[in-house]
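# Fold and contact review
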Amino acid sequence: MKGFANHPYIPNSVPEVQEEMLKEIGMSSLEELHKNVPELLKLKNEMNLPKAFGSEYELRRHVEKLLSKDTDCKKNINFLGAGCWQHYVPAICDEINGKGEFLTAYGGEPYNDEGRFQALFEYESMVAELVDMDVVNVPTMDWAQAAATTVRMAQRITNRSVVLVPEYMDQEKLKAMKNYGESVLKFVKVACDAMGHLDLADLKAKLNSDVAGVYFENPGYLGTIEPNGQKISDLAHEAGALSLVGVDPISLGVLATPPTYGADIVCGDLQPLGIHMNYGGGQSGFMATRDEEKFVMEFPSRLFGIAPTSEPGEYGFGDVAYDRTSFGHHREHGKEYVGTQSALWGITAGVYLATMGPKGMEEVGETIMANAQYAAEKVNEIPGVTANPFGSVFFKEFVVDFNKTGKTVAEINKALLEKGIFGGKDLSKDFPALGQSALYCVTEVHTAEDIQTLVDALKEILN
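Thresholds applied
- Residues numbered from 1 in each chain as written.
- Predicted model: local features only at pLDDT ≥ 70, side-chain atom pairs only at ≥ 80, totals over all residues.
- Heavy atoms only, no water.
- Phe/Tyr/Trp six-rings, centres within 6.5 Å; stacked < 30°, edge-to-face > 60°.
- Helix = DSSP H or I, 4+ residues; strand = E, 2+ residues; numbered from the N terminus.
- Buried < 20%, exposed > 50% of the residue type's maximum accessible area, 1.4 Å probe, protein only.
- pLDDT = per-residue confidence, 0-100.
- Contact = heavy atoms within 4.5 Å.
- Pairing = 2+ DSSP bridges.
- Expected span 1.5 Å × (residues − 1).
- Arc of directions from axis to C-beta.
- Axes fitted to C-alpha atoms, helices over the stretch in contact; angles between N-to-C directions.
- Right-handed = clockwise from strand over helix to strand, strands pointing away.
- Parallel < 35°, antiparallel > 145°, perpendicular 65-115°, else oblique.
- Left-handed = near helix turned anticlockwise from the far one by under 90°.

Under the counting rule described, the total for this entry stands at 10 aromatic pairs. Between W85 and W143 the ring centres are 6.4 Å apart and the planes differ by 55 degrees, which places this aromatic pair in the tilted class. One end of the pair, W85, is in the loop between β1 (77-78) and α4 (91-97); the other, W143, is in helix α7 (residues 143-158), and 58 residues separate them in sequence. Like W85, the residue W143 is buried in the burial classification.

See below:
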């Protein structure tokens, strides 16, 4: 206790206590504990650390001062999207996901469950209805992992080794998919046409007996809505491959569901469904399939189902086909390794969907599309700037072309930030062919005043 009292963060650091402990194990110095560490690895000089704070209060003030340098979407108008989007979060979502039985719950089994299994079953049922599929998994980490698992499922089902992906795709997501599947999969890009859609001629040329699946997103990464979903699925199926569709779930109140144009596996991110944007913590991926054994048995993550109990008329909730998983009874036969997941966000998404209902999802989708179309029209009034250069139908994101302005997106975004605005994502590095272009996002949270503020700021910056 003496050491703890003097050094609250480093127990047993008082010299007398250290000597007593060293004596107990037959050593004379702390360095003897590290005698087997090669000299090359030992730091010979003092660490460059600042002077220790005199109290916890001083430490807290220092950290708060550092954090105050950050800025956020409460202080600024935000037009960034590209995988993490600003949507309105109903208060009930925060209220429910803050409940102790959900917030602190980990893996667990039916005998120690406090309603989490049922809540996740309800979430799965509502997402299944939203995407028009039968089976949905307990959430995985994010869309990138869900997409990676989707292509791995396709590889196992078809026993093939190639996945075709769009040229215009989130490069970070593609890297995650490649990293996850590199031992068994090769990824081949399919060109996109002048409207940002998948080029059907190039797709047809690259389809062969090695292709496990064609992965595309609707809306696409650059915001365009893919009008040829059925043709893409038909071409994939004719080649013996699967149609794999990534989707933004908040769009499905107004857009056709992937199975209506031939999708075999659907994946996406739950973040738009009542989940705040968090740095690294607000994402949550899902996968969905038909209730067919060849699909269901390839899910690596937990699936919750409903079943009768030993009590007549009573039902319970539990795992379906548990041995598919890496934590089942036959771990080495698990489909993939699955660790800690984002089940809390699944419950949150379920609360959002239950709150909104079909009519609410339709209304929010219509509002988003109306706001985004209005924003593109206003941006197009700026001389030298072109919003939606593809000329395609889009949902909530659209490309803005600044090539004729003589300024880079980086310069424009820096100037916008000085005016309290987060500009669109700079696309110049990921897609050099688009030059100085940015991806802008407009949702239900943006007002006409917000959009006019952006337009006025851009006019001033580009004048």
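Let's shift gears to unusual backbone geometry. Looking along the chain, the bond that leaves N218 and enters P219 is cis, with omega of 0 degrees. Considering the arrangement of structural elements, one finds P219 in the loop between β5 (211-217) and α10 (229-238). For D132, which is not a glycine, the phi torsion comes out positive at approximately 65 degrees. Mapped onto the elements, D132 comes out in the loop between α6 (116-131) and β2 (135-136). One non-glycine residue, N388, adopts positive backbone phi at about 55 degrees. Mapped onto the fold, N388 is located in the loop between β11 (386-387) and β12 (397-401). Its relative accessible area of 16% is what places N388 among the buried residues.

Averaged over all residues, the pLDDT of the protein chain equals 92, while 94% of them reach at least 70. Contacts of residues 1-5 to residues separated by more than four positions or lying in other chains number nine contacts, the stretch itself having pLDDT below 50.

Counted residue by residue, β5 has seven buried out of seven residues, so it is predominantly covered. Pairing of strand β3 (residues 162-166) with β5 involves three bridges; the strand directions are parallel. By the bridge assignment, V163 is partnered in β5 with G213. Two strands pair when backbone bridges link them, and β5 and strand β6 (residues 242-247) are joined in this way by five bridges, in the parallel orientation.

Attention now moves to helix α14 (residues 448-462). Taking 1.5 Å of rise per residue, the 15 residues of α14 would be expected to cover 21 Å, and the 21 Å separating its terminal C-alpha atoms lies within 8% of that figure. For α14, the full list of buried residues reads D450, I451, L454, V455, A457, L458, I461 and L462. Each buried residue of α14 lies within a common arc of 165 degrees when the element is viewed along its axis, so the set occupies one face. Facing away from the buried side of α14 by more than 90 degrees, the exposed set consists of E449 and E460.

Spatially, the seven strands line up as an open sheet ordered β2-β8-β7-β6-β5-β3-β4, and their pairing is mixed. In the strand order of this sheet, the two ends are held by β2 and β4 (186-190), each with one partner. Contacting β3, β4, β5, β6, β7 (265-269) and β8 (285-289), α7 runs over the sheet at an angle of about 165 degrees to β7. Helix α8 (residues 171-181) rests against β3, β4 and β5 of the sheet, and its axis sits at about 150 degrees to β4.

Within a regular beta strand, the side chains point alternately toward one face of the sheet and then the other, so they alternate between its two faces. With six of its six residues buried, β6 lies for the most part within the structure. Here β6 shows no split at all, with L242, L244 and G246 on one side and S243, V245 and V247 on the other all buried. Crossover handedness for the path β5 to α10 to β6: right-handed. As defined by bridge partners, β6 adjoins β7 across four bridges and the pair is classed as parallel. Across the sheet, the residue bridging to G246 is C267, located in β7.

The subject of this paragraph is the packing of helix α13 (residues 409-418) against α14. Two numbers describe how α13 lies on α14: the axes approach to 10 Å, and their chain directions differ by 120 degrees. Classified by the interaxial angle, the pair formed by α13 and α14 is oblique. The two elements α13 and α14 cross, and the hand of that crossing is right-handed. On the side of α13, the interface is formed by I412, A415 and L416, while α14 contributes L454, A457, L458, I461 and L462.

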